[in-house]
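Structural characterization, general
Here are the chains, one letter per residue:
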Amino acid sequence: PPFDDARRWNLEIALKIANVLEPNAPAFSPETLRQAATQIVLPCRFEQVSQSPAVYVDGAHNRASVAAFVQAALERFPNRKIKILFATTVGKDVRGMLAEAAPFVDEILLTERSQEARALPIDELIRATESVLEEGFAEDDPVRRKIRVIPDFRAFLADYFARSPRSDEVLCAI
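Residues numbered from 1 in each chain as written. Predicted model: local features only at pLDDT ≥ 70, side-chain atom pairs only at ≥ 80, totals over all residues. Heavy atoms only, no water.

Focus on the overall build of the protein chain
The helix and strand inventory of the protein chain stands at six helices and six strands. Each of the three principal axes of the protein chain carries a C-alpha extent, and together these read 55 × 35 × 35 Å. Residues counted as buried form 37% of the 174 residues belonging to the protein chain. Surface summary for the protein chain: the accessible area is close to 10,200 Å², and the carbon and sulfur share equals 54%. In the protein chain, 22 side chains carry a positive charge and 26 a negative one; their mean positions are 2 Å apart. (Helix = DSSP H or I, 4+ residues; strand = E, 2+ residues; numbered from the N terminus. Buried < 20%, exposed > 50% of the residue type's maximum accessible area, 1.4 Å probe, protein only. Areas by Shrake-Rupley, 256 points an atom, 1.4 Å probe, with all protein chains shown as cover. Lys, Arg positive; Asp, Glu negative; His and termini not counted. Charge placed at Lys NZ, Arg CZ, Asp CG, Glu CD.)

Below, the structure written as structure tokens:
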């Protein structure tokens, strides 16, 4: 996994907490900590679920975690097209999450999570997206052309895997 700023920040916080809980614990060299951090696997945190095509999953669920995810994706894939398959649950800051992602990724594919009780219905997601676009982006802003609606994410994924997308493309489901 990439050793990005979010991972670095989480590790620093954990070390500070450990130091408070156990002040006499031995200190680790920065290189030892860096090596250890790159070995940490957090399910659904920038987790690669397919190599070809390149597909990643991240459980980003608020504005800050979407911003951290987008930054990590841009660092990890500087010369690739980044597509985000976006769904969320009721009560989340949809507008904030979309505002963090839209200017930086190549495409945002809006969809509904599933039949889960807390899933934000696609029509509400579309309305929230339209509101973000109206408030933050001019009519001719290229961001407006990045948004697409995917009513059935299962059918989309089946097609995506079947057609073998270009190798310069990364799909990230958040």
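Side note on the environment of A162
Looking at where A162 falls in the secondary structure, it is placed in helix 6 (residues 153-163). Spatially, the C-alpha atoms of A162 and E112 are 21 Å apart, while their sequence positions differ by 50 residues.

Some details on the packing of helix 4 (residues 94-101) against helix 5 (residues 122-136)
The N-to-C vectors of helix 4 and helix 5 enclose an angle of 55 degrees; their axes lie 9 Å apart at closest approach. In terms of axis orientation, helix 4 runs oblique to helix 5. Helix 5 is crossed by helix 4, and the crossing has right-handed handedness. Here V94, R95, L98 and A99 of helix 4 come into contact with helix 5, specifically with L125, A128, T129, S131, V132 and E135. Tallied by class, residues from the contact of helix 4 with helix 5 come to six nonpolar, two polar and two charged. (Axes fitted to C-alpha atoms, helices over the stretch in contact; angles between N-to-C directions. Parallel < 35°, antiparallel > 145°, perpendicular 65-115°, else oblique. Left-handed = near helix turned anticlockwise from the far one by under 90°. Contact = heavy atoms within 4.5 Å. Nonpolar A, V, L, I, M, F, W, Y, C, P; charged D, E, K, R; others polar.)

Side note on the pairing of strand 1 (residues 47-50)
Direction of pairing for strand 1 relative to strand 2 (residues 54-57): antiparallel, over a ladder of three bridges. Paired with E47 across the bridge in strand 2 is V57. Counting the residues that bridge the hairpin from strand 1 to strand 2 gives three residues. (Pairing = 2+ DSSP bridges.)

As for the environment of T38
Assignment of secondary structure puts T38 in helix 2 (residues 30-39). Through-space distance from the C-alpha of T38 to that of P103 is 28 Å; in sequence the pair is 65 residues apart.

Re the nonpolar core
Nonpolar side chains in soluble globular proteins tend to end up buried together. Of all hydrophobic cores here, the largest spans 32 residues; its most connected members are F69, I84, F86 and I108. Where this core is concerned, the elements lending two or more residues are strand 2, helix 3 (63-76), strand 3 (81-86), helix 4, strand 4 (107-110), helix 5 and strand 6 (169-173). Setting aside its immediate chain neighbours within four residues, I108 contacts I84, F86, L98, A101, A102, K146, I147 and R148. Grouped together as the second largest cluster of nonpolar side chains are eight residues, L109, I150, F153 and F156 included. (Core = buried A, V, L, I, M, F, W, Y, C linked by side-chain atoms within 4.5 Å.)

Details of the pattern of salt bridges
Under the criterion given, the structure shown has nine salt bridges. A salt bridge links K83 to E107; the nearest nitrogen and oxygen atoms lie 3.2 Å apart. Residue K83 is located in strand 3, and its partner E107 is located in strand 4; the two are separated by 24 residues in the primary sequence. Each member of the pair, K83 together with E107, is buried. (Salt bridge = Lys/Arg side-chain N within 4 Å of Asp/Glu carboxyl O.)

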